[in-house]
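Residue strings, one per chain:
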Amino acid sequence: MEELDFIELHDLEDFLHHHKTDLSRVERPDLLLKKMRDRRLIRMDKYQEVSGIQEEAEKKEAIYQLLDQFAEENPQSIKLFWKCLFEDPELAQCPTLRSLLSELRSEYLPRSDDTSTPGKEEKKKEKIKHLAGASHAEQPSSSSSAAQRGQTSSPMKKADKQTRPTFPLSVTCGNLRGKLHKNDFKEGRRCILAQGRSFTPIEFEEAAGMERRKNWKTSIRCSHGTLASLIKAGHLPRTHFARRHQRS
């Protein structure tokens, strides 16, 4: 899995933190445990303890706790962990892992048709911008004629496409920084990973010391503005997060 070498370690760590539950329900838990044992990602005694559990629900919980402990104690081995899972021909056929691999690629890897380097991409944008300016100078009446025909231009839509945010989205609230995962946000779950923990937007606001504002949509910001602006633009769904009631 050479493509994993192009993903930052902290992104792979975030991905594991958000998908421990999915992995605990993998269709071949025996293979998952054997792979971790063979690559010395878990101790033999831990492997024997968890693999010996017969009750399905108890085993899923044990695997979840095992993954949680592994992620906390061995962050430097997380890339090896994902590689050994995705490279195993039997595990790779599990629907859960196929789905996770697809999500990992879509979130962190560039599209296959995007072969331009960052430098070339910037030059390309500058060239397009220059040509667009020249075209506008040569045809000053084009916008008015389009308006007369009822074909009004939509610069806001074009700008929106160019500035579409990518996920996981880097967000801040006060001095606290984190990564927002869109799928978890959509489901109303803890969707912001910061300081090795997951938060709902409300909890993230509270952890940043901004709870008095009681408006996470405007308290939490990214390079594109507030979360409220992203929701209004349709980049994030309208999701309800319940605020915890504090005891008096």
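Criteria and thresholds
- Residues numbered from 1 in each chain as written.
- Predicted model: local features only at pLDDT ≥ 70, side-chain atom pairs only at ≥ 80, totals over all residues.
- Heavy atoms only, no water.
- Helix = DSSP H or I, 4+ residues; strand = E, 2+ residues; numbered from the N terminus.
- Contact = heavy atoms within 4.5 Å.
- Areas by Shrake-Rupley, 256 points an atom, 1.4 Å probe, with all protein chains shown as cover.
- Core = buried A, V, L, I, M, F, W, Y, C linked by side-chain atoms within 4.5 Å.
- Buried < 20%, exposed > 50% of the residue type's maximum accessible area, 1.4 Å probe, protein only.
- Pairing = 2+ DSSP bridges.
- Salt bridge = Lys/Arg side-chain N within 4 Å of Asp/Glu carboxyl O.
- Axes fitted to C-alpha atoms, helices over the stretch in contact; angles between N-to-C directions.
- Parallel < 35°, antiparallel > 145°, perpendicular 65-115°, else oblique.
- Left-handed = near helix turned anticlockwise from the far one by under 90°.
- Nonpolar A, V, L, I, M, F, W, Y, C, P; charged D, E, K, R; others polar.
- Expected span 1.5 Å × (residues − 1).
- Polar contact = N/O pair within 3.5 Å; in protein donor to acceptor, adjacent residues only side chain to side chain.

Caption draft 1: Representation of the overall build of the protein in the model. For the protein, the helix and strand inventory stands at 14 helices and 6 strands. The contacts in the protein between residues at least 6 apart in sequence include a share of 63% that link residues at least 24 apart. Of the roughly 16,300 Å² of accessible surface on the protein, 46% is carried by carbon and sulfur atoms.

Caption draft 2: Looking closely at the nonpolar core. Judged by nonpolar contacts, the single largest core of 36 residues is most densely connected at Leu23, Phe81, Trp82, Leu85 and Leu97. Put simply, the parts of the chain that give this core at least two residues each are α1 (9-18), α3 (29-38), α4 (44-51), α5 (56-73), α6 (78-87) and α7 (95-108). Among the nonpolar cores identified, the runner-up in size contains 21 residues, and Phe185, Trp216, Leu227 and Phe241 belong to it.

Caption draft 3: Inspection of the pairing of strand β1 (residues 169-173) at higher detail. In β1, alternate side chains face the same way, and those of Leu169, Val171 and Cys173 are buried while those of Ser170 and Thr172 on the opposite face are not. Where β1 meets strand β2 (residues 176-180), 5 bridges bridge the pair, whose relative direction is antiparallel. Across the sheet, the residue bridging to Cys173 is Leu176, located in β2. The antiparallel hairpin formed by β1 and β2 contains 2 residues in its connecting segment, where Gly174 sits at a positive phi of about 65°.

Caption draft 4: Quick look at α6. Most of α6 is tucked away: 7 of the 10 residues are buried. Looking at the packing, one finds that the buried side of α6 touches α1, α2 (20-24), α3, α5 and α7.

Caption draft 5: Representation of the pairing of β2. A large share of β2 lies buried, amounting to 4 of its 5 residues. Summarising the sheet, β2 and strand β3 (residues 192-194) pair through 2 bridges and their orientation is antiparallel. Following the sheet pairing, Leu180 is matched in β3 by Ile192.

Caption draft 6: Expanded view of the pattern of salt bridges. In the structure shown here, the tally under the stated rule is 12 salt bridges. Ionic pairing is found between Arg105 and Glu3, a salt bridge with its closest N-O pair at 2.7 Å. Of this pair, Arg105 sits in helix α7 while Glu3 sits in the segment before α1, placing them 102 residues apart in sequence. With relative accessibility at 36%, the residue Arg105 sits in the partly exposed group. As a salt-bridge pair, Asp30 and Arg28 come within 3.3 Å of each other at their nearest N and O atoms. One continuous salt-bridge network, built from bridges that share partners, spans Arg28, Asp30 and Glu90.

Caption draft 7: Examining the packing of α1 against α7 more closely. Close contact between α1 and α7 brings their axes to 12 Å; oriented N to C, the two are set at 140°. By the angle between their axes, α1 is oblique relative to α7. Along this stretch, α1 crosses α7, giving a crossing that reads as right-handed. Here α1 contributes Asp11, Leu12, Asp14 and Phe15 to the contact with α7, which in turn contributes Leu100, Glu103, Leu104, Glu107 and Tyr108. Here the residues of the contact of α1 with α7 are counted per class, giving 5 nonpolar, no polar and 4 charged.

Caption draft 8: A look at α5. Helix length check: α5, at 18 residues, gives a terminal C-alpha distance of 26 Å against a target of 26 Å (1.5 Å per residue), a fit within 8%. Here α5 has its buried residues at Lys59, Ala62, Ile63, Leu66, Leu67, Phe70 and Ala71. Backbone nitrogen of Ala57 and a side-chain oxygen of the N-cap are separated by 3.2 Å at the start of α5; the cap is Glu55.

Caption draft 9: View of the side chain of Glu203. Mapped onto the fold, Glu203 is located in helix α12 (residues 201-207). Glu203 sits in the buried class, given a relative accessible area of 14%. One polar contact links Glu203 to Arg190, side chain to side chain, over a distance of 3.0 Å.

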